[in-house]
Structure formats: structure tokens, C-alpha cells
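Structure at a glance
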Amino acid sequence: MRNDEALTVDEVATILQVGRNTVYALKDKGEINSYKVGRKLRFTYADVQSYIARSKTAHGTDTREPLVQDRERFVICGQDIILDVLSNYVAQTGIESLRAYIGSYDALTDLYKDRVQVASSHLWDGETGEYNVPFVKKLLPSVPVVVVNLVYRMQGFYVAKGNPKGLFSWEDLLKSGVRLVNREKGAGSRVLLDERIRLLGAEPSSIEGYGVETQSHIAVASMVARGRGDVAVGSEKIARQVEGIDFVPLQKERYDLVVKRENFDTRPVRSMMGILESGMLREEFAALGGYDTSDMGRIMWIG
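Everything quoted here is computed from the prediction, not taken from an experiment.

The rules behind the values
Residues numbered from 1 in each chain as written. Predicted model: local features only at pLDDT ≥ 70, side-chain atom pairs only at ≥ 80, totals over all residues. Heavy atoms only, no water. Helix = DSSP H or I, 4+ residues; strand = E, 2+ residues; numbered from the N terminus. Buried < 20%, exposed > 50% of the residue type's maximum accessible area, 1.4 Å probe, protein only. Salt bridge = Lys/Arg side-chain N within 4 Å of Asp/Glu carboxyl O. Axes fitted to C-alpha atoms, helices over the stretch in contact; angles between N-to-C directions. Parallel < 35°, antiparallel > 145°, perpendicular 65-115°, else oblique. Contact = heavy atoms within 4.5 Å. Nonpolar A, V, L, I, M, F, W, Y, C, P; charged D, E, K, R; others polar. pLDDT = per-residue confidence, 0-100. 1 Å grid on protein atoms, 1.4 Å probe; cavity = no way out; pocket = protein on both sides within 12 Å on 5 of 7 lines; lining within 4 Å. Points joined across faces, edges and corners; volume = space filled by probe spheres on them. Polar contact = N/O pair within 3.5 Å; in protein donor to acceptor, adjacent residues only side chain to side chain. Phe/Tyr/Trp six-rings, centres within 6.5 Å; stacked < 30°, edge-to-face > 60°. Lys NZ or Arg CZ within 6 Å of the ring centre and 35° of its normal.

**Focus: unusual backbone geometry**
Trans peptide bonds make up most of the peptide bonds, and negative phi angles are found at most residues other than glycine. A positive phi angle, near 70°, is found at Asn 132, a position not held by glycine. Along the polypeptide, Asn 132 turns up in the loop between β6 (118-121) and α6 (133-139). A relative accessible area of 0% means that Asn 132 is categorised as buried.

**Describing the pattern of salt bridges**
Throughout the structure, instances matching the rule amount to 19 salt bridges. We note a salt bridge from Arg 198 to Glu 127, for which the minimum N-O separation is 2.8 Å. Placement of the pair is Arg 198 in helix α7 (residues 188-199) and Glu 127 in the loop between β6 and α6, with a sequence separation of 71 residues. Overall, Arg 198 belongs to the partly exposed group, its relative accessible area being 39%. Measuring nitrogen to oxygen at the nearest pair gives 3.2 Å for the salt bridge that ties Arg 179 to Asp 230. On the criterion of sequence distance, the pair formed by Arg 179 in the loop between β7 (145-160) and β8 (180-183) and Asp 230 in the loop between α8 (217-225) and β10 (231-235) is long-range, its members being 51 residues apart. Judged by its relative accessible area of 28%, Arg 179 is partly exposed. One connected set of salt bridges, linked through shared partners, spans Lys 185, Arg 190, Asp 194 and Glu 213.

**Observations concerning the packing of helix α1 (residues 9-16) against helix α2 (residues 20-28)**
For any two helices packed against each other, the geometry is given by the interaxial angle and the distance between the axes. At a closest axis distance of 9 Å, the pairing of α1 and α2 adopts a crossing angle of 100°. With respect to α2, the element α1 is oriented roughly perpendicular. From α1, Val 9, Asp 10, Val 12, Ala 13 and Leu 16 reach across to α2, where they touch Arg 20, Val 23, Tyr 24 and Leu 26. Split by residue class, the contact of α1 with α2 holds 7 nonpolar, no polar and 2 charged.

**Observations concerning the confidence of the model for the chain**
In the predicted model, the chain carries a mean pLDDT of 89, and 93% of its residues have values of at least 70. Counting interchain partners and residues more than four positions distant, the pLDDT-below-50 stretch residues 59-71 has 31 contacts.

**Some words on the layout of surface pockets**
It is a probe the size of a water molecule, rolled over the atoms, that shows where empty space is left. The calculated volume of the second largest pocket comes to roughly 270 Å³. Around the second largest pocket, the lining is made up of 20 residues, and of these Thr 14, Gln 17, Val 18, Ile 81 and Gln 241 lie nearest the centre. Breaking the lining of the second largest pocket down by element, the ones donating at least two residues are α1, α4 (81-91), α9 (236-239) and α11 (280-286). With 3 residues, the single largest contributor to the lining of the second largest pocket is α1. Split by residue class, the lining of the second largest pocket holds 8 nonpolar, 6 polar and 6 charged.

**Side note on α4**
The element α4 is extensively covered by neighbouring structure, given that 8 of its 11 residues are classed as buried. When we look at burial in α4, the residues that qualify are Ile 82, Leu 83, Asp 84, Val 85, Leu 86, Ser 87, Tyr 89 and Val 90. The residue sitting at the N-terminus of α4 and contributing the capping side-chain oxygen is Asp 80; that oxygen lies 2.9 Å from the backbone nitrogen of Ile 82.

**Things to note about the packing of aromatic side chains**
Two measures describe an aromatic ring pair: the distance that separates the ring centres and the angle between the ring planes. By the definition in use, this model includes 3 aromatic pairs. For the ring pair Phe 157 and Trp 170, a centre distance of 5.3 Å and an interplane angle of 85° mean the geometry is edge-to-face. In this pair, Phe 157 sits in strand β7 while Trp 170 sits in the loop between β7 and β8, placing the two residues 13 residues apart along the sequence. As far as burial versus exposure is concerned, Phe 157 and Trp 170 are alike and both buried. Here Tyr 158 and Phe 247 contribute two aromatic rings whose centre-to-centre distance is 6.1 Å and whose plane-to-plane angle is 50°, an arrangement assigned as tilted. In this pair, Tyr 158 sits in strand β7 while Phe 247 sits in strand β11 (residues 245-260), placing the two residues 89 residues apart along the sequence. Judged by its relative accessible area of 19%, Phe 247 is buried. Lys 138 extends its terminal NZ or CZ atom over the ring of Phe 135, reaching a point 5.9 Å from the ring centre. Between Arg 153 and the ring centre of Tyr 255, over which it is positioned, the NZ or CZ distance is 4.2 Å.

As C-alpha cells, this is what we get:
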């Protein structure tokens, strides 16, 4: 995707994995630059990427004030659209519910530094074959936490229609002439890819395009659809939203929410758990496809 390429409101909402109203709000606050073609609002890909980069920087410096100033102000961290819906449900209970759109690794470090109250995570550890808990132990050392399941998702390859390069396994990434479109460091899909490459005993630099980083599932899928690369790693749900690509399923991932135990009995977290356990979010997203909600709200680990 070229930096000067024009994007619609719907395309920006998909890239950011937020609602249309959030895009308009960001535009009105001057956080994302925009322009008009006739009566149609348009954004450049470069401006959207600039907003994402500023957002990541704002959540990645040690000098900023914590995002959570008190226990009634609730911040959920992560990028999947299901978190926007969950946050909206929490807000309907009268709690100020905010969102931070950063990847799993940074979400856990923000939780460690008390910048957010809930971190989402889909980080796979190649040594144990486990999701999330090994990273929680490393990134939140000696911090008592509760890990709660949100959904399961299928991870795999985005490839051009018909899979012309014949990419069906992680080993196929090492084929000559295969161009990868990568996610940014800290994203769950990037960690999965890096772990798989490590287990193959390969050097990441041997894969063409490994250094090409893009900020979201929808962006890497779009680049493959436009012929800017041959393959990218991402979730099945997004593959259904982008024309011109096929999806090769490889691994079912566990997408969890991580909360500090000291916050688990606060009103915001109790409200969130009530929503997860009520079934209304489960029914909404099970009907959409691409999500396995069978364990939603289940406590997976307490440390």
C-alpha cells in the first residue's frame, strides 16, 4: 500500500479496528489528518500509519503519566475489534472505559507499569507450545495476575487468490522468491512468526521482505492483495474482509485478557467479567465467524 494512497472512513476504521464514529472523532480532534474529494472524506495511508506510530510512542515512553489515574477509569489494551465492543459494554455500566491500540507485548509491559488495567495477549512460546502464560511470567515478574480467555482465533497465511506460490507450511516461507510482509515488533503475529522461524533454525534475514513492517492485520492483508508481497501472517477473521486473498490456516491461538489480581475485584473488572460471563458478547461474535467463543470468561491461569 503506497503512503499517498487514499483511504475511506470504512477502510481507516478497519485498519484501526474501531468503529466509524471513532474515526470521525479522531478526525475532529485533529489526531488524524484528512481531506475531502467533493463531499467524500479521505485519508492517506501515511497519515493513518503516522497516527498509529504516535499512539504507540505515547504508550511506550517511561516519562508519561499513567493512563489509569484511579480505579474507576478503565483502560483495555489491544487491537482486535472485539475489545472495542467489550469496552463499549463496560462504558454502558457507567464506567469510563478507554482503549489503547497496541500489540500484545507492549500491552503486557503497560500492565506491568500500571498504565492500563487490562492487557490482551496472543503470544505463543515456541519452547512450551503455550500461549500467554510464559510471557506473563517474564514480563510481569512476581506480579500476581489472572488470565481470562476472551476468544480463540485461527492464525495462518494471507496469500494471493489460488495460492500461486504454494505456501502451506512455515517451511514454505524459506522458498526462494517468496516475499513476506511482516508485522511490527511486539505484535502477537510477529512473535508467532519469529518463534516459528527460530524453531526452523533459519535466519530471519534470509526471508525476503522480513524487514517490511506494517501495523495491522488489515494492512498486511491488503499489501498481499495488491501484490506488494506474497505472504503475511494474520488472523482468519481479517482474511474474510479483504478481497483478492486466500487464507491458509496454520495454528489456533488463544486470545486472553490479563488483569492484576489486586484489581480483579474492582467495579470495572467485575463489570467486564459480568459481560463476558453473561453470554451476550459470546453470541454476538460467534455469529460473525472467525472467533471461537467457547471459553469466553473462563479463568485460564492464576499466578
